[in-house]
Each structure stands twice: as structure tokens, then as C-alpha cells.
Amino acid sequence: NQTAAEAGIIAVSDTAFQDASLAHSKRWRGDMTRFFTNAGLSVVPSETNFILIGFDGHNGPSAEETARYLASRNILFREMAPYGLQDYLRMSIGTNDEMQIVKQTLSEFFSMHRK
């Protein structure tokens, strides 16, 4: 409808918001890549607003175990097994507060489950 079209035009024109969103994603993508790498996980290089995390060879819980634990804490990572990537999870970049919660939750989980 006309209202939706006008809202879309305004949104596309808001380059300051777009720049801030890109900077936010870039910051957290880098921060979380370092976090996961330091935890012994792999991260597929990306320029998106999500991270693909590899658990293959990880000296800790599996992707499936991690996804279940996070879900029990109302943190949802996408399991990639349906796409043939059973050792991978996908995490979207969230708000600053959400990202801090994810880091804290995973730090605690990984420290409890070292193999």
C-alpha cells in the first residue's frame, strides 16, 4: 500500500542508520570471530550480519550440544545440519546487550564442558 511504500523510501534514504548498522555488524563480527577462535572453533569469513561457526575438531561440546544449551537459555542459534553442515551453527548479530549475554553464556558453557 502507499503508506508502506513511503516508509520504504524513507528507510532506504536513511544512510546514517545504514552506516551505523554496518559498523555495528562489523564490530561484533570481528569481536565474536576472535571469541570463537580463542575457544578453539573455526569461523567462516563473512561480510554479513551473521557468523557461521565450525565445531569440527573442537575440544569441547558439539554444535548440537551447544545449540541445545543455548536454546534452554532462550538464545537461538541456527543448526546447520539440515544443510549438510552438522558441525556448524549460525549466529546472527544482535544488539550490544544480546551479544554480551551470548559471550557470557558461551564462556560459562565452554568452561564447564572441556573435553
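Structural data are supplied above this passage.
Parameters at a glance
- Residues numbered from 1 in each chain as written.
- Predicted model: local features only at pLDDT ≥ 70, side-chain atom pairs only at ≥ 80, totals over all residues.
- Heavy atoms only, no water.
- Helix = DSSP H or I, 4+ residues; strand = E, 2+ residues; numbered from the N terminus.
- Polar contact = N/O pair within 3.5 Å; in protein donor to acceptor, adjacent residues only side chain to side chain.
- Pairing = 2+ DSSP bridges.

(A) Examining the environment of W28 more closely. In this structure, W28 sits in helix α2 (residues 15-38). For the pair W28 and D97, spaced 69 residues apart in sequence, the C-alpha separation works out to 11 Å. Polar contacts involving the side chain of W28 include one to the side chain of N96, which spans 2.6 Å.

(B) The sheet that holds strand β1 (residues 42-44), seen in detail. What the 4 strands build is an open sheet, ordered β1-β2-β4-β3; its pairing is antiparallel. With partners counted over all chains shown, the strands left at the sheet margins are β1 and β3 (78-79), one partner each. With 2 bridges joining them, β3 and strand β4 (residues 88-92) adopt antiparallel strand pairing. Residue pairing for β4: R78 is matched across the bridge by R90.

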